[in-house]
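Architecture at a glance
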Amino acid sequence: MDFGILFVETENDYNPMVDTMFSDMLKAPNTVKIIEKERASNEILEYQKRIKVQRYTRGLLNHWLEKEYQLDEAVRKMKETTENVIVFFQNGSFLQSRYPAHYLKKIKKKYKNVYYVLFYIDIFKHEVSVHANMLREQGLFDLVYTIEEDDAKASASIFWPTPYSRQEQFRNIQPSMDLYFCGVDKGRGPILAQIARMCEQNKVNSHMDVICLPDEKPVFDNISGVTIKDKNTGYYGYSEVLTKSLQARCILEVVQQGQHANTLRPYEAISYNRKLLTNNKDILSFPWYDPKYMQYFEDPSQIDFSWVKDSSAVNYKYDDRYSSIHLLNDIISRLQKKR
């Protein structure tokens, strides 16, 4: 049974990260990526796309945006050569493309053997998931996957570990510093500032790129090795963040309180053989956890900075088991069983 894949993205700053996570799927035969671009033709439509407005209207007015979408035409073209079409969304696919439910239903009625698959790379409660949640709750997807086990249990979705694909262009980056962090403050400023000060005291060659709102900046005053970027002026691109991360022997991960799903940091560490320093307790049950290369801390006072600075070789002997090609194989297998 032949399958074609339509990989749907929307025009936003997260695309390079998403492309890295799913790059092996994107390289699979008969896979086409479409990027729904932001083309709101007036201020009213632009206002309608906002997340808060979407949360209030529940997408009921989104038929006004239909003419902007290219999904219908993309499905039509693929159906000319392929019997079965999988339309693959991740929750961020709807950041700009607020597909109305009836639009997606219409495509399925128009073309046979079209399947909708949704993959959450964020928790359900994240604001990026608002429109994906509305469509999911209407039963529009044939398969729903999530990286968060609690969300999977609460919604009868399929739990799947974070997909991640190694990229050749990053394999040969050599470390030139000890420790690196990049991320949005999100209440983590005090602990990041404490670690930065401890790095100074322990002569750790470290750097942090922290994205902050203006009122979050003072906690980092008079600390060296920290670059502050205003949240209102934009973010770092994923390729830049990954390059800087791999220039360090050890990647620092500081998760928000209550977070359980892994960020990309453990996957970057095992893919490119870097140490990982994290306050996410779930790392202790991570299949590739190795105390030689990964250190968990509850409080910064527990950090072993001599371990951070140690330049011994790291080798997880990682076998690419988190490649998105395995996810694609699982999707096809489940859809074949449904028929």
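See the structure above.
Structural notes, computed from the coordinates. (Residues numbered from 1 in each chain as written. Predicted model: local features only at pLDDT ≥ 70, side-chain atom pairs only at ≥ 80, totals over all residues. Heavy atoms only, no water.)

Things to note about unusual backbone geometry
The line we're drawing: Only DSSP runs of H or I reaching four residues or more are called helices, and only runs of E reaching two or more are called strands; each is numbered from the N terminus. Only protein chains enter the calculation, and the probe is 1.4 Å; a residue is then buried if its accessible area is under 20% of its type maximum, exposed if over 50%, and partly exposed in between.
Its identity is not glycine, yet N222 carries a phi of approximately 65 degrees, on the positive side. Note on placement: N222 falls in the loop between β8 (206-212) and β9 (226-230). Assessed through its relative accessible area of 81%, N222 is described here as exposed. Phi at K317 takes a positive value of approximately 55 degrees, unusual for a residue other than glycine. Positionally, K317 belongs in the loop between α12 (305-309) and α13 (324-338). On the accessibility criterion, K317 (67% relative accessible area) is exposed.

Structural notes on the sheet that holds strand β7 (residues 177-184)
Convention followed: Note: two strands are recorded as paired if DSSP finds a minimum of 2 bridges between them. Structural elements are reduced to axes, namely lines fitted to C-alpha atoms, with helices fitted over the stretch in contact, and the angle between N-to-C directions of any two is expressed from 0 to 180 degrees. In this analysis, two residues are considered to be in contact whenever any of their non-hydrogen atoms come within 4.5 Å of each other.
Pairing is parallel in the open sheet, where six strands are placed in the order β9-β8-β7-β10-β11-β12. The two strands at the open ends of the sheet, each matched to only one other strand, are β9 and β12 (294-296). Ignoring which end each strand starts from, the neighbouring axes of this sheet average 20 degrees apart. Sheet contacts for helix α9 (residues 189-201): β7, β8, β9 and β10 (248-253); angle to β8, the most-contacted strand, approximately 160 degrees.

Side note on the packing of helix α5 (residues 71-79) against helix α6 (residues 101-110)
A packed helix pair is summarised by two numbers, namely the angle formed by the two axes and the spacing between the axes. The condition that has to hold: When describing relative orientation, an angle under 35 degrees is termed roughly parallel and one over 145 degrees roughly antiparallel, while 65 to 115 degrees is termed roughly perpendicular and anything else oblique. Left-handed describes a crossing whose near helix is turned anticlockwise from the far helix by less than a right angle; the clockwise case is right-handed. In this count, Pro and Cys sit with the nonpolar residues alongside Ala, Val, Leu, Ile, Met, Phe, Trp and Tyr, while Asp, Glu, Lys and Arg are called charged and the others, Gly among them, polar.
Where α5 meets α6, the closest approach of the two axes is 10 Å, and the angle between their N-to-C directions is 20 degrees. Considering their axes alone, α5 and α6 lie roughly parallel with respect to each other. The handedness of the crossing between α5 and α6 comes out as right-handed. Residue-level inspection shows L71, D72 and V75 of α5 in contact with α6, the latter providing Y103, L104, I107 and K110. In the contact of α5 with α6, the residues fall into five nonpolar, no polar and two charged.

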